[in-house]
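Structure at a glance
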Amino acid sequence: MLTLALSKGRILEETLPTLQAIGLQPAGDIDRLLRVPSRHPEVQHLIIRPTDVPTYVEYGAADFGIVGKDILMEHGSGSLYEPLDLGIAQCRLMVAGLPGTKPLRHRRLRVATKYPEITRRYFAQQGKQVEIIKLYGSMELAPLVELADVIVDLVATGKTLKANGLVVLEHIADVSSRLVVNKAAMKTKHAALRYWLDRFREATETAH
Ligand code: PRT
Ligand code: MG
């Protein structure tokens, strides 16, 4: 039996056509169940928060998983294999703020984000020490109420930034969803995992 950890929410929505194409569609109520069988007798799914997927796969509670590159960058991906870019849920990780936001002389830049690790690394690479304010959502509000000077957040269409009067200031990374694999499982369940990785790869190549 193989266990695949799926990221609940928009990534799951965009993953369903691929699962369908390779015969792994969930066979149960994915809105309520946390563990559901798939259409294939040897694969089951876990339906969990995106931020928890790397943890389940790292500890081997799931053999493989599907998660955004943003979450992997924040988690630190050294403990997982990342063999395939699924090309779904694409967006960009950006620094954004009010138009004309300038570097500050008198105090550290305050950055609101749900990605404190990525943010710290990004600014440190530029030799900048910033004050990081950890938020769990709706980062766009922070500059409007002067909680922070800028935000580090995902941007897809740019509509959310625009609606809040914010603009992109810097590009940090391109983001899409990745297939990740537990390192021990890659050895002990190699043939089965290889088989499904090849199916995912074929389905991804067909879709793009
Ligand atoms: O609940 P939890 O905090 O664990 O996760 P979540 O609520 O963030 O999950 P969900 O379902 O939103 O999925 C998040 C994942 O989808 C991210 O980790 C990315 O890998 C991927 N993704 C792709 C996005 C976007 N595009 C995206 N646009 N996640 C979030 N957004 C948000 C963004 O934060 C901003 O608020 O959409 C808004 C911007 O969109 P535009 O189109 O207006 O620019
Ligand atoms: Mg959420």
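Note that the structure is a prediction, hence the values are computed from the model and not measured.

Scoring rules and cut-offs
Per-chain numbering applies: the sequence of each chain, read as written, is numbered from 1 onward. For this description, chains carry letters from A and ligands carry numbers from 1, given in the order in which they are written. Given that this is a predicted model, residues contribute local features only at a pLDDT of at least 70 and side-chain atom pairs are listed and counted only at 80 or more, while totals for whole chains, interfaces and linings are drawn from all residues. The rule is simple: place the C-beta atom from the backbone, and if it lies within 6 Å of a molecule or strand, the residue is near it. Per the convention used, a helix needs a DSSP run of H or I reaching at least four residues, while a strand needs a run of E reaching at least two, with both numbered from the N terminus. Polar here means any residue other than Ala, Val, Leu, Ile, Met, Phe, Trp, Tyr, Cys and Pro, which are nonpolar, and Asp, Glu, Lys and Arg, which are charged; Gly is therefore polar. UniProt positions are given in the numbering used here, feature names are shortened, and annotations may be inferred rather than shown by experiment. Under the definition applied here, buried Ala, Val, Leu, Ile, Met, Phe, Trp, Tyr and Cys residues are grouped into a nonpolar core through C-beta atoms within 7 Å. A residue is called partly exposed when the number of other C-beta atoms within 10 Å of its own lies between 12 and 20, exposed at 12 or fewer, and buried at 20 or more, with C-beta atoms placed from the backbone. Note on contacts: residues are paired as contacts if their backbone-placed C-beta atoms lie within 7 Å.

1. As for the site of ligand 1
The full set close to ligand 1 counts 20 residues, and Gly-9, Gly-68, Ala-156, Thr-157 and Thr-160 are the nearest of them. Looking at the shell around ligand 1, the elements that each hand over two or more residues are helix 1 (10–21), helix 3 (69–75), strand 9 (150–155) and helix 6 (159–163). With three residues, strand 9 is the largest single contributor of residues to the shell around ligand 1. A per-class count over the shell around ligand 1 returns nine nonpolar, six polar and five charged.

2. A short note on the UniProt feature "domain: ATP phosphoribosyltransferase catalytic" (unreviewed entry) in the protein chain
Those places that UniProt annotates as "domain: ATP phosphoribosyltransferase catalytic" (unreviewed entry) correspond, in this numbering, to residues 49–201. Secondary structure content for residues 49–201 is 33% helix and 31% strand, and the end C-alpha separation is 24 Å.

3. Digging into the nonpolar core
Of all hydrophobic cores here, the largest spans 29 residues; its most connected members are Ala-5, Val-57 and Phe-64. Looking at this core, the element that brings in the most residues is strand 3 (residues 43–48), giving four residues. With sequence-adjacent residues up to four places away left out, Phe-64 is seen in contact with Leu-4, Val-57, Leu-179, Val-180, Val-181, Asn-182 and Leu-193.

4. Regarding unusual backbone geometry
Within the chain, Ala-89 stands out as a residue other than glycine whose phi angle is a positive 50°. Position of Ala-89 among the secondary structure elements: in the loop between strand 5 (80–85) and strand 6 (91–97). Not every positive phi belongs to a glycine, and Ser-138 is a case in point at roughly 45°. Topologically, Ser-138 is positioned in the loop between strand 8 (131–134) and helix 5 (141–144).

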